Amino acid sequence: MWLHPEEVLLAGPLWVSERANPFFLLQRRRGHGRGGGLTGLLVGTLDVVLDSSARVAPYRILLQTGDSQIYWNIASGSSRKEITQHWDWLESNLLQTVSIFDSDEDVTTFVRGKICGLMAEEQRLQPDPDQNQDSGKFREAELKMRKLFGFPDEEKLVNYYSCSLWKGRVPRQGWMYLSVNHLGFYSLLLGKEVTLVLPWTEVTQLEKNSTLVFPECIRVCTRQTEHFFSMFLDVSDTFRLAEQLANLAMRQLMEGERFNADPALPKGSRKDNVSVLKRDLDARARSEWYRYRFRLAQDERLDGTTDCTLWTPFAKKHVEGTMFISNNYICFSSREEDLLQLIIPLREVWLVEKADSSPVLPSPVSISTKNKTNFLFANLKDRDFLLQRISDFLQRTPDGCRGDPLVGPAPPLASAGPDSSAVPDSATRGRHYHPGLPTATQGLLQIHRRNLEKDLGPEGVDERMKERVNERMKEEAWNIHFSEFGRGVCMYRTCRTRDLVLGGIPESLRGELWLLFSGARDQLDSHPGYYGDLVERSIGRCSLATEEIERDLHRSMPEHRAFQNETGIAALRRVLTAYAHRNPGIGYCQAMNIVASVLLLYCSEDEAFWLLVALCERMLPDYYNTRVTGALVDQGVFEDLTRVFLPVLWDHMQDLGVTRTISLSWFLTLFLSAVPFDSAVLLLDAFFYEGIKVTFQVALAVLHDNMEALLSCSDEGEAMTVLGRYLDHVVNPQTVAPPTPHLHAHLTAGAPPPAGAPPPGEATPPPEVDVFQLIKFSYERFGSLRSDVIDQMRLKQRLKVIQSLEDSAQRSVVRSVMTDSAFGIQELEELYCLFKAQHRTSCYWGSGSDPAQRHHDPSLPYLDRYRVDPVQFLTLFRVLAPWTCGGHTPSLAARFFRVLDQNQDGLVSFKEFITGLSGMYHGDMTEKLKLLYKLHLPPALVPEEAESALEATTFFTETEVPESSFVSDSDSLQQQEVTSSGEEGGDGEERKEGRDYRYYLRIWANEKEPRPETIKDLPRMNQEQFIELCKTLYNMFGAEPQEQQLYHAIATVASLLLRLGEVGKKFGNGGRRPEATPPAEATPTGEATPTGEATPTPEATPTGEDQVSQALAEATLEPAMATEEGGGASAQGGGASAQGGGATKEGGVLDADWSVSFEQVLASLLTEPPLVDYFERKRDVRDKMAAGADPRVLERQTSSASDSDLTHNSP
């Protein structure tokens, strides 16, 4: 490739000049291509250690002028062919031109300008525009990676690092290549080469640690191997990138989508040796952290950050922190954690302007919102650029997304929903959701509060008054907070805000603040009418999700009055169905009904819907998918936290195996199904403000409080009973209504007491636990837990959980296909891994139009999830099939694919693949030959492979005759039975009329039941198909030790079958020739048929003996056809004779009346012992799997060999 001209001061020591002229010099790296000896080993080692570009481009062209010692490197090449093309172009286009220049400087300037112009033209024509932004050195490294590991051009390099791979106790210095889908390592030291390729989808553990043996190393584990990498220049940067790539691979396993760079992400400034993909991943990581930190929507992308100060009017001081700017928000976070946080939606911004600078307040910017609130930022480094970026984003913000200004204290947000505006009755008539519904403007708790007060007696009314006093005190405290810190999305969020939340949010403000802290408020305001339209589209549709929703509707808080009538049930149905329609990837999962029912108690329907969106898609990622992956990941995190904070208890609970059992419902329902309702909503208050960290803290506090009791438990059931009784008595002392029992209380109400418990009459109930004290203790004891630490632990556990799920899926698939194949369990597991790897290859190397990627559905059963298309099937067939036919292999694989693809969707599942492969390896001779016979009949043999369309049409016509005759015979037999039964008289008719319906069901079941296929069911093979079978057989024995004997046997069998076909044709002419002629193609006696032969008259039809004699005479073949010149020549001669002796007639037209049956083919092959030994030989698929375990290595060796041949054959 052409290079930007670079100066080279030393042109000789490590290079050998091969061509030269007065201006240009072609050189080859020492030790490359033609041996090299010790010099080549030293140079090769030096190239690897120093990351020399000569390792990937061992040829180069230099520009030299006069006697100057300065050379200019203008081109490089990985092969002699490539560099020769550049040399020829220079000699043809530039050599004569530069020879007329008088000055050497003019020559240098002209050539450099010409080369730069060529490179600009190549970049303009480059199909991948992102690749143009990479530096030349990085593109060389990417080319080197593809050459070393045999990757195609679709595999993109992200970054590469110098490091050492530990082989035992010896480090091997080399280079680690981190691509989108693989981790690769290459080392070459003194001729010893080490190559390692690990797909990210196979990584089960990735961690950074430091020990005496492996200092500052990265440990990478797969299911079978473990590798240590050390001696990095920046181990943290390498590990961070490896973590991100492994996480993306786990996403691909879960969602089945290939990685695509996001063009909307800001990539930052271009850096040397940093790829566009690396900058894309860095920007992606920053945006994910930004969205998680401020609870923003998934499409929000961070544009940039800057250090600044924010004036806080409530504290009368400037707070140092960082400003974050994205396409829809301006956010601020203090440098001190949890001191101050601010979110300003751009749709609320009214004015952004510069303020007067002063020594006390340098470079200030004032931002005014529509509710007359001003925010003053100062100490901005580049104020003008910042204002320009904010102005650009404001111009892109649609006016319709800007909410109405809030003047004074905001009303309850339930009344400000987008669907609550006045709508005419005619517009709402016939709609399932409209503003007239009670749940469209208020929560279910507010609707049923009046009925609850009626049920309370005089004492209950007094207690209720006390509760109201407490609620009013809380409301007053929040009103004071609103007046001081603001209200709505732009509220200052400080540690005082958290204290108020932990003290309990009043019921009148709970829905409003849940929406605010979760980020759902902004989505609700920016999508007016979205929920109502979604309800209309989703209600009435039937799917698996809607069936599960209907089944669980009446199980959602059945003890609560709000869900004991149709109003609450209908609202819950609409919310769950709308979300299942919005996100089919999640659909519906158990536990979503419990969470959604609690949200509906305090929010209107559309608010509850957007809160559910925030929970499922941002706050609890992957919790509610089909495999509850997120909950399982957090269970693993909880186990690690228990080991860190409660090590003694963790050891004991590991012995009991109870940690994962007890914690799943805690995380899935956020303790709503574990503790009484009035206490659970307080935990939900803290969760919406702090996130999942509160759930971990409370779970650890529960274990800590029950440590002594749990240590004395001897089994899992006893431990679960201890924790269940404890959680049943977590109470809210501020409520006066009778505690609402929860699901766990219903299930354990009649459970027997644990072992060692006192009798029921003497049993003392466990003491009540104040939920406020429980939350306070969790912060005091486990408050040091940080969200970023949880994220790191989640990534570690995600690798384990997803790989564990994949292993479970593999075991399930293997068990399901064991009955359909003769392979062992280990063989099936290895075959499944190869099959899945081939499918994954299409997902990250194929195009978006590949059938395997287009039809990949992670929600399908595991048996049908991974499927391959014909191209991938060909690769598997080449590697695993025992029948290799050289150049004939692609056509044989295509036919085999069509046989296995029974539903004709262009994809083959693992079960179909194993069924066919098992017949090749473990079937007896008859089964193998039957499969081979089928591969040369329709639908395996398509008309495109035929020599003419006429013969294909004739074949389909002939093959339909036996089937129709069989059907007609069976029909006639049934008709005879009916006739005979009808002739039995009246008694028979009475018995017929009195037949039970089960008799007809039995007949129908017998007709529907698949009848096992026998060799007699196989149709006859015509001459054209027989020729294709002969081609396949003649190509199957190229690598066999008894190649000569097999070729001779095949020639003998072909000769015999040709004779049998001729005999059968004569018998067919004498007996059933008139029936074989379709009515539409019937010809008069004596006229020519489409095959070119005359139809014989009845008088001219010979007898059977004459036909046999004539057929044997016509079907004679040359005996020497199989022994001519021996070896491959005999095979080719036999094939030609087989095709010429009986396959062609006058004019080269195939004989349409010629055919043989499978019985004849089988009987003929059984006469030749070499063929019998070949097809009865037992083969081991593990030998094939070992050879095809890493197809990239095979491809790399093939390409290297071809390069070497090219080098040696070049002048």
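Here the structure is shown first, and the text comes after it.
Residues numbered from 1 in each chain as written. Predicted model: local features only at pLDDT ≥ 70, side-chain atom pairs only at ≥ 80, totals over all residues. Heavy atoms only, no water.

Participant: Would you explain helix H28 (residues 771-782) in this entry?
Facilitator: Helical geometry note: an α-helix holds 3.6 residues per turn, so side chains three or four residues apart project in the same direction. Here H28 is 12 residues long and its end C-alpha atoms lie 16 Å apart, about the 16 Å a rise of 1.5 Å per residue gives. A distance of 3.0 Å separates the backbone nitrogen of Phe-772 from a side-chain oxygen at the start of H28, and that oxygen is part of Asp-770. (Helix = DSSP H or I, 4+ residues; strand = E, 2+ residues; numbered from the N terminus. Expected span 1.5 Å × (residues − 1). Polar contact = N/O pair within 3.5 Å; in protein donor to acceptor, adjacent residues only side chain to side chain.)

Participant: Just checking my understanding: could you explain the pairing of strand E16 (residues 340-345) for this structure?
Facilitator: Taken residue by residue, a regular strand's side chains alternate between the two faces of the sheet. Extensive coverage of E16 is indicated by the burial of six of its six residues. Inspection of the sheet shows strand E15 (residues 329-334) paired to E16 by five bridges, in the antiparallel sense. Pairing of Cys-331 across the sheet is with Ile-343, part of E16. Counting the residues in the hairpin turn of E15 and E16 gives five residues, including Asp-338, whose phi is positive at 65 degrees. When E16 meets strand E20 (residues 493-494), the two strands line up antiparallel, connected through two bridges. The residue bridging Leu-340 from the neighbouring strand is Thr-494, located in E20. (Buried < 20%, exposed > 50% of the residue type's maximum accessible area, 1.4 Å probe, protein only. Pairing = 2+ DSSP bridges.)

Participant: Would you explain the packing of helix H33 (residues 870-880) against helix H35 (residues 910-922) in this entry?
Facilitator: At a minimum axis separation of 12 Å, H33 and H35 run at an interaxial angle of 25 degrees. Considered as vectors, H33 and H35 are oriented roughly parallel to each other. Note on packing geometry: the crossing formed by H33 with H35 is right-handed. Where H33 abuts H35, its residues Phe-873, Leu-876, Phe-877 and Leu-880 lie against Phe-913, Leu-917, Met-920 and Tyr-921. Looking at the contact of H33 with H35 residue by residue, the classes come out as eight nonpolar, no polar and no charged. (Axes fitted to C-alpha atoms, helices over the stretch in contact; angles between N-to-C directions. Parallel < 35°, antiparallel > 145°, perpendicular 65-115°, else oblique. Left-handed = near helix turned anticlockwise from the far one by under 90°. Contact = heavy atoms within 4.5 Å. Nonpolar A, V, L, I, M, F, W, Y, C, P; charged D, E, K, R; others polar.)

Participant: In this structure, what is going on with the environment of Val-637? I would like to understand it.
Facilitator: By the element assignment, Val-637 lies in helix H20 (residues 629-645). Val-637 sits in the buried class, given a relative accessible area of 0%. As a C-alpha pair, Val-637 and Leu-795 span 158 residues in sequence and 9.4 Å in three-dimensional space. Those residues in contact with Val-637, other than ones at most four positions away along the chain, are Phe-696, Met-793, Arg-794 and Gln-797.

Participant: Hey, could you run me through the sheet that holds E15 in this one?
Facilitator: Adjacent strands of a sheet form backbone hydrogen bonds with each other and so pair up, either parallel or antiparallel. Ordered by their spatial adjacency, eight strands build an open sheet running E17-E18-E19-E13-E14-E15-E16-E20, and the pairing between neighbours is antiparallel. At either end of the open sheet lies a strand with only one pairing partner, and these are strand E17 (349-354) and E20. Contacting strand E13 (302-312), strand E14 (317-326), E15 and E16, helix H7 (residues 276-294) crosses the sheet at an angle of about 80 degrees to E15.

Participant: Got a minute to help me understand the nonpolar core in this structure?
Facilitator: A general trend in soluble globular proteins is that nonpolar side chains are found buried together. Counting residues in each nonpolar core, the largest one holds 157 residues, and the members touching the most others are Phe-377, Met-592, Tyr-624 and Trp-666. Not counting residues within four places of it along the chain, the set of residues in contact with Met-592 comprises Leu-576, Tyr-579, Ile-586, Gly-587, Leu-612, Cys-616 and Tyr-624. Residues Leu-183, Phe-897, Leu-1058 and Leu-1171 belong to the second largest nonpolar core, which totals 101 residues. (Core = buried A, V, L, I, M, F, W, Y, C linked by side-chain atoms within 4.5 Å.)

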